[in-house]
Amino acid sequence: MVWKRVIAVAAAIGISAGGLVACGAEDPTDYITANGSEPQNPLIPAMTNENGGGRVIELLYSGLVSYDAEGNPYNELAESIDSPDGKNYTIRLKPSSFADGTPVRAQNFVRAWNYAVEHSQTLEYAFEGIEGYAEGVSELSGLKVVDDDTFTVALKDVQTDFPTQLGYQAYFPLPDSAFEDMEAFGQKPVGNGPYAVKEWTHYDSIRLVPNEHYEGSRRVHNDGVKFLFYATLDAAYADLLANNLDVLDTLPDTAFATYEEELEGRSANQPGAVFQGFIVPERLEHFSGEEGRLRRHALSRAINREQVTDLIFEGTRTPATDFTSPSIPGHTDDLPGAEAVDYDPEEARRLWAQADALSPWSGEFTLAYNADGGHQAWVDAVINQVRNALGIEAVGKPYPDFKSLRDDVHQRATSGAFRSGWQADVPVLSDFLQATFATNGSGNDGDYSNPVVDEQLALGKASATAEEANEHYNLAQEQLFKDLPTIPLWYSNTVGGHSEDAEGVVFSWTGMPVLNDVRRVQR
């Protein structure tokens, strides 16, 4: 899901960073505190494709399948997921309950999935492969409730990795109470995961407590989790150093040179399933058709990724060689067309001149970013490189917070390029490619469409083996390198840390901390 796994923090309105950590008489529970951001939408699984809401939903709900810290799938709510042909699946459930004590039944999955499609929820694309799918349809003919603990799924085509996909949050169940008033439910959700919502103070924090009805495999080792919303990563890091914040999964670039010494063995720098780049939509003047393709290639060749990752990020990023992540099986550094991300200012000027021959450039190039996410330094560096290589006026365009930028992106109201990113929810190449580059994909913020990409993605999903699927996904990427709908920049490492008061902190393959495992240090 686009942006969902890209780290961004939202502003805490009218409250200092230190003042957010308010335990004591008014809050007797000894929460583990972690950084977060104001969710863009109500806390409904199929409505959420951004990081602020996604990290909360992962703790509030459980799916048929979950992934361990290394990305290996295992059955959580599913007793079994069987198929004779890779197209027709029978799913049997383990006994489990929602946080209100009501049982999780087969109908809670089927009803939630149908509702997502009927009401065009953000992640409804996840159900496109099911028989009967059509925009706005009220019931998918491929979903059938057999009994309270069993339902069947008929797919349009063979999809052998379907069981692995079922860990994606779009497939989480909803209780019967959700359908009485979905919007109100999203403000006070009742999930079936290891935690339940205690309080959501908008633009401030979200407090979670252990769900006493949870019977799954994710054991909770603390009294709850409190997500704090900071105006800047620097403020969050200052609280981490002062032991006023327990877990921070993204460090500010101002700390890259010093964090290992300052945190004294309480930091992490490990590969993460995070891709980052920026989008220049074709709807913009000078960026449609052949002219646009030439200009996107010129911009890409004007960027010295190694210099930015070394000087700005100090080794906490790796220059991108594709549109996915090195931590995902099937990734390769040797795709045809990958020279599009090689720094070559002379080639950049040549391509820009070719575009000018089609239509002379006018105006300035802008790159939008959220100022609360620690992005200014790299944006400034990239803008300077573009300005120097191409001889055009180029500026960064800061938005005050992540939500503001996402709202304009969603409404197609941006006036220039904008940063983009993807953090995988499922450890397969298609997780990075389907939503962001398929025609009408839910995370396709540039409205990109190419039949070659669509065909290869479809063939990948229908492949009998992961190896065959990856061949098709990489053929899709070859076309992406020709079109550059997103200009790849780098992969983000998970660079985080924890306070002296927390232990058992592990960052998973997604880059998110496994918060249910975090424990308070006993002194």
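The chain is annotated in an unreviewed UniProt entry as ABC transporter substrate-binding protein from Corynebacterium mastitidis.

Draft legend 1. Representation of the overall build of the chain in the model. Assigned secondary structure in the chain consists of 14 helices and 19 strands. For the chain, the C-alpha radius of gyration of 23 Å lies close to 24 Å, the compact-globule estimate for 523 residues. Across its three principal axes, the chain shows a C-alpha extent of roughly 65 × 55 × 35 Å. In the chain, which comprises 523 residues, the share counted as buried stands at 58%. Accessible area of the chain: about 19600 Å², with a carbon and sulfur share of 46%. Distance from the positive charge centre (37 side chains) to the negative charge centre (80 side chains) of the chain: 2 Å.

Draft legend 2. Fine view of the UniProt feature "domain: Solute-binding protein family" (unreviewed entry) in the chain. Summarizing the sequence annotation, UniProt attributes the feature "domain: Solute-binding protein family" (unreviewed entry) to residues 73-443 in the numbering used throughout. Annotated as residues 73-443, this span is 28% helix and 21% strand, and its ends, taken at the C-alpha atoms, are 24 Å apart.

Draft legend 3. Quick look at the nonpolar core. Membership of the largest hydrophobic core comes to 96 residues, with the highest contact counts inside it found for Trp 113, Phe 127, Phe 151 and Val 153. It is helix α2 (residues 106-118) that contributes the most residues to this core, eight residues altogether. Setting aside residues no more than four positions away along its own chain, Phe 151 makes contact with Leu 64, Tyr 89, Thr 90, Ile 91, Leu 93, Ala 106, Phe 109, Val 110, Trp 113, Lys 144, Val 145 and Val 146. Ala 236, Tyr 369, Val 379 and Leu 390 belong to the second-largest nonpolar core, a separate cluster that totals 46 residues.

Draft legend 4. Geometry of the packing of helix α12 (residues 430-437) against helix α13 (residues 451-462). In the contact formed by α12 and α13, the axes pass within 11 Å of each other and the chain directions differ by 140°. Classed by the angle they form, the pair α12 and α13 counts as oblique. When you trace α12 past α13, the crossing you get is left-handed. When α12 is examined against α13, the residues Leu 433, Gln 434 and Phe 437 are found in contact with a partner set consisting of Val 453, Asp 454, Leu 457 and Lys 461.

Draft legend 5. Representation of the packing of helix α7 (residues 289-301) against helix α14 (residues 466-483) in the model. Between α7 and α14, the least distance of the axes is 8 Å, while the angle of their chain directions is 95°. Compared by their axis directions, α7 and α14 come out roughly perpendicular. Here Arg 293, Arg 296 and His 297 of α7 lie close against α14, whose contacting residues are Phe 481, Lys 482 and Asp 483. When the residues that make up the contact of α7 with α14 are grouped by side-chain class, the tally is one nonpolar, one polar and four charged.

Draft legend 6. A look at α14. The terminal C-alpha atoms of α14, which comprises 18 residues, lie 26 Å apart, in line with the 26 Å expected from a rise of 1.5 Å per residue. Every buried residue of α14 is accounted for by Ala 469, Asn 470, His 472, Tyr 473, Asn 474, Ala 476, Gln 477, Gln 479, Leu 480, Phe 481 and Asp 483. In this structure, the buried residues of α14 make contact with α7, α12 and α13. Backbone geometry just downstream of α14 places Leu 484 in the positive-phi region, at approximately 50°.

Draft legend 7. Seen up close, the sheet that holds strand β6 (residues 143-147). Pairing is antiparallel across the open sheet formed by four strands, whose spatial order is β4-β5-β7-β6. On the outer flanks of this sheet lie β4 (78-82) and β6, each paired with one strand and no other. Neighbouring strand axes in the sheet, compared pairwise and without regard to direction, differ in orientation by 20° on average. Pairing analysis gives four bridges linking β4 to strand β5 (residues 88-93), with the strands arranged antiparallel. Following the sheet pairing, Ala 78 is matched in β5 by Leu 93. Strand contacts of α2: β5, β6 and β7 (150-154), with the helix running at about 165° to β6, the strand carrying the most contacts.

Draft legend 8. Representation of the pattern of salt bridges within the structure. Overall, the coordinates contain 18 salt bridges when judged by the stated rule. For the salt bridge of Arg 105 with Asp 149, the shortest nitrogen-to-oxygen distance reads 3.4 Å. In this pair, Arg 105 is assigned in the loop between β5 and α2 and Asp 149 in the loop between β6 and β7, connecting sequence segments 44 residues apart. As a salt-bridge pair, Asp 344 and Arg 301 come within 3.6 Å of each other at their nearest N and O atoms. Residue Asp 344 is found in the loop between β13 (317-319) and α9 (345-358), and its partner Arg 301 is found in helix α7; the two are separated by 43 residues along the sequence. Since its relative accessible area comes to 27%, Asp 344 is described here as partly exposed.

Draft legend 9. Region of the structure containing α9. Given a rise of 1.5 Å per residue, 14 residues ought to cover 20 Å, and the 20 Å separating the end C-alpha atoms of α9 matches this to within 8%. Within α9, the full set of buried residues consists of Ala 348, Leu 351, Trp 352 and Ala 355. Projection of α9 onto a plane perpendicular to its axis shows the buried side chains occupying an angular sector of 100°, all on one side. Along α9, exposed side chains directed more than 90 degrees from the buried face belong to Glu 346 and Ala 357. Those residues of α9 that are buried are in contact with α7 and α10 (376-390).

Draft legend 10. Highlighting the pairing of β6. In this structure, β6 lies alongside β7, joined through four bridges in antiparallel fashion. In the sheet register, Leu 143 faces β7, and the bridge partner there is Val 153. As consecutive antiparallel partners, β6 and β7 are separated by two residues.

Draft legend 11. Local environment of unusual backbone geometry. In the Ramachandran plot, Tyr 203 falls in the positive-phi region, its phi being about 60° despite a non-glycine side chain. Taking relative accessible area as the criterion, Tyr 203 reaches 33% and is therefore assigned partly exposed. Even without being glycine, Arg 412 reaches a positive phi, approximately 55°. Mapped onto the elements, Arg 412 comes out in the loop between α11 (402-410) and β16 (417-423). Exposure remark for Arg 412: the relative accessible area of 28% places this residue in the partly exposed category.

Thresholds applied
Residues numbered from 1 in each chain as written. Predicted model: local features only at pLDDT ≥ 70, side-chain atom pairs only at ≥ 80, totals over all residues. Heavy atoms only, no water. Helix = DSSP H or I, 4+ residues; strand = E, 2+ residues; numbered from the N terminus. Rg over C-alpha atoms; globule rule 2.2 N^0.38 Å. Buried < 20%, exposed > 50% of the residue type's maximum accessible area, 1.4 Å probe, protein only. Areas by Shrake-Rupley, 256 points an atom, 1.4 Å probe, with all protein chains shown as cover. Lys, Arg positive; Asp, Glu negative; His and termini not counted. Charge placed at Lys NZ, Arg CZ, Asp CG, Glu CD. UniProt positions renumbered as here; feature names shortened; annotations may be inferred. Core = buried A, V, L, I, M, F, W, Y, C linked by side-chain atoms within 4.5 Å. Contact = heavy atoms within 4.5 Å. Axes fitted to C-alpha atoms, helices over the stretch in contact; angles between N-to-C directions. Parallel < 35°, antiparallel > 145°, perpendicular 65-115°, else oblique. Left-handed = near helix turned anticlockwise from the far one by under 90°. Nonpolar A, V, L, I, M, F, W, Y, C, P; charged D, E, K, R; others polar. Expected span 1.5 Å × (residues − 1). Pairing = 2+ DSSP bridges. Salt bridge = Lys/Arg side-chain N within 4 Å of Asp/Glu carboxyl O. Arc of directions from axis to C-beta.

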